[in-house]
Amino acid sequence: MLLLKSFAKVIDNSGALVVEVINVMGGARVASLGDEVVCVVKKARPVAQGEGGSTSASSNAVSKLKKGDVARALVVRTVQPVRRLDGTFVKFDDNAVVMLSKQGTPLGNRVLGVVALEARQKRWAKIASLAPKMV
C-alpha cells in the first residue's frame, strides 16, 4: 500500500533509482500491487560525460529519467501485506515500482527484481514477461 509522499525503489533500467509517489491513478487514495501511480524522481543514476567519442552511446541511451522528472509507474512490490483470492497474504521487504511512459509501456527494457503476480492479473503482461521471477 503506497500513500502520497511514499518513497519507492525503481527496479528497471530507466535511469531512476528512487521515486516519490505524488498521485494515484484512478481516484484511489492508496495504491496497491498492480496499480498505476504518478511519481517524481528523487534520485537518479548519474549520466557519464566523456570527451569525444570515447563514451559509448548505449550508456547515454539507458538514462531516460533524471532527478525532478515526473513520470508514471506501476507498483510491483509493497511492504504492506496484500490478501490474494486463495486466502494467502504476500508482502515484500521494500516498496518497488517499474517506470512507465504515458502510453503505458515500460521505459526500461529490463526488470531487475521479482514482481508480484498481481501485475499479470491487472493487464500488465509486458512487465510480467520482462521480470525474471513472479511471486
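Check the entry above for the structure.
Residues numbered from 1 in each chain as written. Predicted model: local features only at pLDDT ≥ 70, side-chain atom pairs only at ≥ 80, totals over all residues. Heavy atoms only, no water.

**Thoughts on the overall build of the protein chain**
- Across its full length, the protein chain carries three helices and seven strands.
- Secondary structure elements of the protein chain, listed N to C terminal, follow the sequence β-β-β-α-β-β-β-β-α-α.
- Computed over the C-alpha atoms, the radius of gyration of the protein chain is 15 Å, within 12% of the 14 Å expected from 2.2 N^0.38 for a compact globule of 135 residues.
- Along the first, second and third principal axes, the C-alpha atoms of the protein chain reach 60 × 30 × 30 Å.
- The buried share among the 135 residues of the protein chain stands at 43%.
- Of all intrachain contacts in the protein chain linking residues separated by at least 6 positions in sequence, the fraction that spans at least 24 positions is 55%.
- Surface exposure of the protein chain reaches about 7,700 Å², of which carbon and sulfur atoms provide 54%.
- Across the protein chain, 21 positive and 10 negative side-chain charges occur, with their mean positions spaced 1 Å apart. (Helix = DSSP H or I, 4+ residues; strand = E, 2+ residues; numbered from the N terminus. Rg over C-alpha atoms; globule rule 2.2 N^0.38 Å. Buried < 20%, exposed > 50% of the residue type's maximum accessible area, 1.4 Å probe, protein only. Contact = heavy atoms within 4.5 Å. Areas by Shrake-Rupley, 256 points an atom, 1.4 Å probe, with all protein chains shown as cover. Lys, Arg positive; Asp, Glu negative; His and termini not counted. Charge placed at Lys NZ, Arg CZ, Asp CG, Glu CD.)

**With respect to the side chain of Glu-36**
- Mapped onto the elements, Glu-36 comes out in strand 3 (residues 36–44).
- In this view, Glu-36 contacts Val-24, Met-25, Arg-72, Ala-73, Leu-100, Arg-123 and Trp-124; residues no more than four positions away in its chain are not counted.

**So, the nonpolar core**
- The biggest cluster of nonpolar side chains holds 18 residues, and the ones touching the most others in it are Val-19, Val-37, Leu-65, Val-97 and Met-99.
- Listing elements by their share of this core, those giving two or more residues are strand 1 (7–10), strand 2 (16–24), strand 3, strand 4 (70–77) and strand 7 (96–100).
- If one sorts the elements of this core by residue count, strand 2 sits on top with four residues.
- In this structure, Ala-96, Val-111, Val-115 and Ala-131 belong to the second largest nonpolar core, which totals 12 residues. (Core = buried A, V, L, I, M, F, W, Y, C linked by side-chain atoms within 4.5 Å.)

**Brief notes about the pairing of strand 2**
- Pairing of strand 1 with strand 2, which is carried by three bridges, proceeds in the antiparallel orientation. Its bridge partner being in strand 2, Ala-8 is matched across the sheet by Val-19.
- As defined by bridge partners, strand 2 adjoins strand 3 across seven bridges and the pair is classed as antiparallel. Counterpart to Glu-20 in the pairing with strand 3 is Val-40. (Pairing = 2+ DSSP bridges.)

**As for the pairing of strand 4**
- In terms of residue burial, strand 4 counts as a mostly covered element, since six of its eight residues are buried.
- Strand direction decides the pairing type here: strand 4 and strand 7, joined by five bridges, are antiparallel. In the sheet register, Leu-74 faces strand 7, and the bridge partner there is Val-98.

**Focus: a nonpolar patch on the surface**
- Side chains of Met-1, Leu-3 and Val-30 sit close together on the surface and give an oily, nonpolar patch of about 230 Å² of accessible area.
- Among the residues examined, Val-30 registers a relative accessible area of 32% and is labelled partly exposed. (Patch = residues over 30% accessible without salt bridge, like charges linked within 9 Å, V, L, I, M, F, W, Y side chains within 5 Å. Salt bridge = Lys/Arg side-chain N within 4 Å of Asp/Glu carboxyl O.)

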